[in-house]
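# Coordinate inspection notes
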Amino acid sequence: MTTLSWERARDLAAALACVPAPADLPLSEAYGCRLAEPLRALVPVPGTDVSAMDGYAVCGPPPWRVTGRVLAGGVPGQGLSGGEAVEIATGAPVPEGTWSVLPYEVADAADGWVKGVAARGRHVRFRGEDVPAGAEVLGAGSVVTPAVLGLAAALGHDRLRVLAKPAVSVLVTGDEVVFDGLPAPGRVRDAIGPMLPGLVAWAGGRVSGSARLPDGAGALRDALAQVEADVVVVCGASSKGPADHLRAVLGDAEVLIDGVAVRPGHPQILARLAGGALLVGLPGNPFAALGAAVTLLVPILGGPRRGEMSALAGAVSAHPRDTRLVPVRRGENGAVPMGHDRPGSLWGAALAEALAVVPPGWEGGQVELIELP
Ligand SMILES: Nc1nc2c(c(=O)[nH]1)N[C@H]1C(S)=C(S)[C@@H](COP(=O)(O)OP(=O)(O)OC[C@H]3O[C@@H](n4cnc5c(N)ncnc54)[C@H](O)[C@@H]3O)O[C@H]1N2
Ligand code: MOO
């Protein structure tokens, strides 16, 4: 299979973008998804007539004799008759017969009696006044924001039927890769695993699982056989060295892309596994992995595709055959290269807000900027 141009690789990945499927997710997992059906109130809010103020629930004209106290979560007890009041907390159910609530600030209370001016219905939140039971509060397709999650909980929902984000399972390979602490000589800290959840979430997916694998075809083959996700990302093992087993274990998978003419990140792979999931093979070099993820993974997850065009303000040399991805920040005269962009280093990318796409043989002129999260 021949190496694909960077543009064609990105287009092919976008054409294979995952279609979100309806699923019932707990509130804790639904953030950022779209509702697959309208959101309805399972209960009225408030659920019963409650006080909106700390003060006295009163009945009839003043003065009132104070007969008791009701706190939030309490039971209202006996109903009120004319000339009676109970001390009441905000959110507590008002007793039957309540005319209104007199806040402490305007109540004149002494010796078990209270006086004041109480307009009828004032400072009482009536059952269903905020949201009536059964009301459709949001339409299908609405994005589940933090406020939507709070509203859904208030309306009695534990789960939401949403268009679930594509699930991404991450496999990090390499005997030399360690996952915490200071790497000993010959070891290297995993710099790709920590980068992926944020990148995946930004692109529209969610990391549903991750595993750490030693080098070796057996471990990778077993892990791929067990994985349940829409997309599997394999980090490392994408090149042609003795420990690079990804191609060997692809078996009856359909390899769609094997190598992209881009620097860094050319040894990237896209395949359709026998079970239907897509596999993205990222190079082990961390900046190369980021470049490959932007090329294949982000479009597959439905993430932003095209960026704006911009001049480059700084010396950048094009590659004769490969597209270059150059970390940049926007400046007054165009995008400024950040440097520190060797394949093994994320320093430049960490300083950057976008990757400039420098086409093969580029001789100046505007280039596309791909936003980085
Ligand atoms: N004969 C060839 N050798 C190489 C080629 C090639 O075309 N022909 N391409 C080079 C390029 S470009 C890259 S990029 C790498 C890709 O290698 P792999 O994907 O097989 O990855 P590894 O060999 O396992 O590791 C490469 C490098 O990255 C480090 N690494 C691996 N995983 C991680 C991780 N999770 N976090 C941080 N660093 C990681 C690893 O220790 C190596 O230093 O192949 C070149 N070789
Ligand atoms: O492309 Mo490698 O991906 O240059 O380091």
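As shown above, the structure is provided for reference.
None of these values were measured; they are calculated from a predicted model.

## Re the sheet that holds strand β15 (residues 167-173)
Spatial ordering of the open sheet is given by β18-β15-β19-β23-β22-β20, a layout of six strands whose pairing is mixed. For this open sheet the edge positions go to β18 (206-213) and β20 (254-258), each flanked by a neighbour on one side alone. Along the sheet, successive strands turn relative to each other by an average axial angle of 20°, direction set aside. Sheet analysis places β15 next to strand β19 (residues 231-235), joined by five bridges and oriented parallel. Considered in β19, the bridge of V172 is made with C235. The strands touched by helix α4 (residues 196-203) are β15, β18, β19 and β23 (278-282); relative to β18, the strand with the most contacts, the crossing angle is about 150°. The sheet strands contacting helix α7 (residues 286-300) are β19, β20, β22 (269-272) and β23, and the helix crosses β23 at an angle near 165°.

## What about the pattern of salt bridges?
Summed over all chains, the structure comprises 18 salt bridges. Among the ionic pairs, R40 bridges to E136, the shortest N-O distance being 3.3 Å. Of this pair, R40 sits in strand β4 (residues 39-40) while E136 sits in strand β13 (residues 136-138), placing them 96 residues apart in sequence. For R40, a relative accessible area of 41% corresponds to the partly exposed category. With relative accessibility at 47%, the residue E136 sits in the partly exposed group.

## Re the site of ligand 2
All residues in the neighbourhood of ligand 2 are listed as P264, G265, H266, P267, N285, A288 and P343. Within the backbone of G265, one N or O atom sits 2.4 Å away from an oxygen atom of ligand 2. The separation between an oxygen atom of ligand 2 and a polar main-chain atom of H266 is 3.1 Å. Broken down by class, the residue content of the shell around ligand 2 amounts to four nonpolar, three polar and no charged.

Each value, and the rule that gives it
Numbers given for residues are sequential positions, taken from 1 along each chain in its written order. Each chain gets a letter, beginning with A, and each ligand a number, beginning with 1, in the order they are written. Reporting of local features is limited, given that this is a predicted model, to residues whose pLDDT is at least 70; pairs of side-chain atoms are given and counted only at 80 or more, and all residues count toward the totals for whole chains, interfaces and linings. Computation of side-chain values covers all heavy atoms of the structure but excludes hydrogens and water. A strand pair is defined by DSSP finding two or more bridges across the two strands. Secondary structure elements follow DSSP: runs of H or I no shorter than four residues count as helices, runs of E no shorter than two count as strands, and numbering proceeds from the N terminus. Angles shown run from 0 to 180 degrees and are taken between the N-to-C directions of axes, each axis being a line fitted to C-alpha atoms and, for helices, limited to the stretch in contact. Contact criterion: two residues are considered in contact whenever any of their non-hydrogen atoms come within 4.5 Å of each other. What counts as a salt bridge is simple: a side-chain nitrogen of Lys or Arg found within 4 Å of a carboxyl oxygen of Asp or Glu. Accessibility here uses a 1.4 Å probe with only protein chains present; expressed as a share of the type maximum, an area under 20% marks a residue as buried, one over 50% as exposed, and anything in between as partly exposed. We define proximity as follows: a residue is near a molecule or strand when any one of its heavy atoms falls within 4 Å of that partner. Within 3.5 Å is the distance limit for a polar contact, defined as a pair of N or O atoms, with the added protein rule that one can donate a hydrogen and the other accept it, and that residues adjacent in sequence qualify only through two side-chain atoms. In this classification, Asp, Glu, Lys and Arg are treated as charged, Ala, Val, Leu, Ile, Met, Phe, Trp, Tyr, Cys and Pro as nonpolar, and every other residue, Gly included, as polar.

Remember, this is a structural readout, not a statement about activity or role.
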